[in-house]
Amino acid sequence: MVTHGSCDQFEENPEKWEKVKFDLRNDSHCSMSGKYKIGDRDYSSWGINVKYWIHGLEKTNNTAVKRVVVLHSWNAVKNEEIYPKYSPLSWGCPAVSNEFMKELDTRLQESKKPVLLWIID
């Protein structure tokens, strides 16, 4: 389970709970599609206080670092499906549950090779 961005800053987004909308502009609160390289581990004020910088590798996400779109956990994200309810919406960051982030964090710290994150529609 992962959040997507609300994407409601520059125009109305009435389908934001059902369908992700992508945009790479600053302050759009949108997700950005494409491949990312997971970068350095850092402190986060969200969730378990760990975030990973993600570096967009394509035209559709090359503003990720500038926008401070990072991989982090968030207390509001559940670790299991909550259908028919919806997951909360982020400001563009892929956010996961605290439990899942603990597992990701362990694996990312152990990885000797670069890790690819792919956000698709």
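Scope of this entry: the structure provided in the associated data block.

Calculation rules
Residues numbered from 1 in each chain as written. Predicted model: local features only at pLDDT ≥ 70, side-chain atom pairs only at ≥ 80, totals over all residues. Heavy atoms only, no water. Helix = DSSP H or I, 4+ residues; strand = E, 2+ residues; numbered from the N terminus. Buried < 20%, exposed > 50% of the residue type's maximum accessible area, 1.4 Å probe, protein only. Contact = heavy atoms within 4.5 Å. Polar contact = N/O pair within 3.5 Å; in protein donor to acceptor, adjacent residues only side chain to side chain. Pairing = 2+ DSSP bridges. Phe/Tyr/Trp six-rings, centres within 6.5 Å; stacked < 30°, edge-to-face > 60°. Lys NZ or Arg CZ within 6 Å of the ring centre and 35° of its normal.

## Focus: the environment of Asp-8
With respect to the secondary-structure elements, Asp-8 resides in the segment before strand 1 (34-43). Under the relative-accessibility criterion, Asp-8 is labelled partly exposed at 27%. Residues Asp-8 and Glu-103, spaced 95 residues apart in sequence, show a C-alpha to C-alpha distance of 31 Å. Excluding its chain neighbours within four sequence positions, the residues that come into contact with Asp-8 are Asn-13, Lys-16, Ser-28 and His-29. One polar contact links Asp-8 to Ser-6, side chain to side chain, over a distance of 3.1 Å. In terms of polar contacts, Asp-8 uses its side chain to reach the side chain of Lys-16, at 3.1 Å.

## Overview of the sheet that holds strand 2 (residues 50-56)
One open sheet accounts for 5 strands, arranged 4-3-2-1-5; its pairing is mixed. Whereas interior strands pair on both sides, the edge strands pair on one side only; in this sheet they are strand 4 (95-96) and strand 5 (115-119). As paired elements, strand 1 and strand 5 share 5 bridges and run antiparallel to each other. Bridging across to strand 5, Lys-37 finds its partner in Leu-116.

## Looking at the packing of aromatic side chains
Applying the stated rule across the entire model yields 2 aromatic pairs. Here Trp-46 and Trp-74 contribute two aromatic rings whose centre-to-centre distance is 5.8 Å and whose plane-to-plane angle is 80°, an arrangement assigned as edge-to-face. With a gap of 28 residues between them, Trp-46 in the loop between strand 1 and strand 2 and Trp-74 in the loop between strand 3 (70-73) and strand 4 connect regions that are remote in the sequence. By relative accessible area, Trp-74 is classed as buried at 19%. Over the face of the ring belonging to Trp-118 we find Lys-35, whose NZ or CZ atom lies 4.6 Å from the ring centre.

Note that every value here comes from positions in space, so none of it alone points to a role or purpose.
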